[in-house]
Amino acid sequence: RKEVEQDPGPFNVPEGATVAFNCTYSNSASQSFFWYRQDCRKEPKLLMSVYSSGNEDGRFTAQLNRASQYISLLIRDSKLSDSATYLCVVRGGTGFQKLVFGTGTRLLVSP
Amino acid sequence: DAGVIQSPRHEVTEMGQEVTLRCKPISGHDYLFWYRQTMMRGLELLIYFNNNVPIDDSGMPEDRFSAKMPNASFSTLKIQPSEPRDSAVYFCASRTGRGRPEGREQYFGPGTRLTVT
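Residue positions are given per chain, counting from 1 as you read along its sequence in written order. Here chains are named by letter from A upward and ligands by number from 1 upward, in the order in which they appear as written. Confidence filtering applies because this is a predicted model: local features only for residues at pLDDT of at least 70, side-chain atom pairs given and counted only at 80 or more, and all residues used for totals across whole chains, interfaces and linings. The side-chain values count all of the structure's non-hydrogen atoms but skip hydrogen atoms and water molecules.

### Things to note about the sheet that holds strand β8 (residues 70-75) of chain A
Residues and elements named next belong to chain A.
Then, number 1: Taken in spatial order, the five strands of this open sheet run β1-β3-β8-β7-β6, and their pairing is antiparallel. This sheet does not close on itself; its edge strands, each paired only once, are β1 (4-6) and β6 (55-57). In this sheet, neighbouring strand axes are inclined to one another by 20° on average, regardless of whether the strands run parallel or antiparallel.
Then, number 2: Paired strands, as defined in this entry, are two strands with at least two bridges between them according to DSSP. Secondary structure elements follow DSSP: runs of H or I of four or more residues count as helices, runs of E of two or more count as strands, with numbering from the N terminus. Pairing of β1 with strand β3 (residues 19-25), which is carried by three bridges, proceeds in the antiparallel orientation. Of the residues in β3, the one forming a bridge with V4 is Y25. Between the N-to-C directions of two axes lies an angle of 0 to 180 degrees, each axis being a line fitted to C-alpha atoms and, for a helix, fitted only over the stretch in contact.

What follows is the structure, encoded as structure tokens:
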């Protein structure tokens, strides 16, 4: 079983739609959680950290359920520019210095 | 700040040749990571350094791969001999070890796209 699992998609949605991505992780001792965004042929970039209480950044809302070992990302009012791959990331490894990446969920927003 | 710098951006080589990828981390960052990304396996951590010392190389696929960090501003990832299955995008990333864990963002370089024929 992979340490971080995501639905690869793609998710095809029209502009203005709300879309949600889910992710599960296997290491219950994981400490920190993130969503990264990766555009085609570019490097991954941090989108937002995920806090236990849930957090929001504009149109983006991230939530964490430690009991179910489940992370989610909600995007409201999708824009064309949101088209990208969204990577679920968990801090793990010995000493929790390593980031473990999911394989990503691809989002395509169409006009 | 220039960000993480990697070179070359693209490398095409023949099977059996030696390949050296280079990385300059962000100044002041004390952690440096090397990743490999393929369609099949996604983004995999190969090795990481703290204060120029290799800490965890458990992701290095085999002895053909080696990495060094001779000083705080430079690291190399070498593949010798290269094989077609090494074709991938190799990313270098760096971050600080200070501050709260959730705030220690990793900054990625633009990557080196390696093709081994």
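### Describing the interface of chain B and chain A
Then, number 1: In this complex, chain B contributes 22 residues to the contact, which on the side of chain A involves 18 residues.
Then, number 2: When chain B packs against chain A, close to 1,700 Å² is buried across both sides, 50% of that on carbon and sulfur atoms.
Then, number 3: Here, a salt bridge means any Lys or Arg side-chain nitrogen found within 4 Å of an Asp or Glu carboxyl oxygen. Across the chain B-chain A interface, the total number found is one salt bridge.
Then, number 4: A salt bridge links B:D56 to A:K98; the shortest N-O distance between them is 3.1 Å.
Then, number 5: Two N or O atoms count as a polar contact when they lie within 3.5 Å, although within protein this holds only if one can serve as hydrogen donor and the other as acceptor, and sequence-adjacent residues are included solely when both atoms are side-chain atoms. If you look at where chain B meets chain A, you find three residue pairs in polar contact (both at pLDDT 80 or more).
Then, number 6: Within the residue set of the side of chain B that touches chain A, elements represented by two or more residues are β4 (31-38), β5 (42-50) and β9 (88-95) of chain B.
Then, number 7: We call Asp, Glu, Lys and Arg charged. Ala, Val, Leu, Ile, Met, Phe, Trp, Tyr, Cys and Pro are nonpolar, and the rest, Gly among them, are polar. Of the residues that constitute the side of chain B that touches chain A, the class distribution is 10 nonpolar, five polar and seven charged. By definition, residues are in contact when any of their heavy atoms lie within 4.5 Å. By convention, the term buried area covers the 1.4 Å-probe accessible surface removed from two parts as they join, with the contributions of both added.

### Some words on the pairing of strand β11 (residues 112-116) of chain B
All names here are of chain B.
Then, number 1: Here the term buried applies to any residue with accessible area under 20% of the maximum for its type, exposed to any over 50%, and partly exposed to those in between, with areas from a 1.4 Å probe on protein chains only. Side chains T112, L114 and V116 project from β11 onto a buried face, and the interleaved R113 and T115 project onto a face without burial.
Then, number 2: Sheet analysis places strand β2 (residues 10-13) next to β11, joined by four bridges and oriented parallel. What sits directly across from T13, in β11, is V116.
Then, number 3: Across three bridges, β9 lies against β11 in antiparallel orientation.

### Quick notes on the sheet that holds strand β7 (residues 65-71) of chain B
Residues and elements named next belong to chain B.
Then, number 1: Here four strands make up an open sheet; going across it, the order is β1-β3-β8-β7 and the pairing antiparallel. This sheet does not close on itself; its edge strands, each paired only once, are β1 (5-7) and β7. Direction aside, the axes of adjacent strands within the sheet are offset by 15° on average.
Then, number 2: Where strand β3 (residues 19-24) lies against strand β8 (residues 74-79), five bridges are found, and the strand directions are antiparallel. Within β8, the position partnered with R22 by the bridge is T76.

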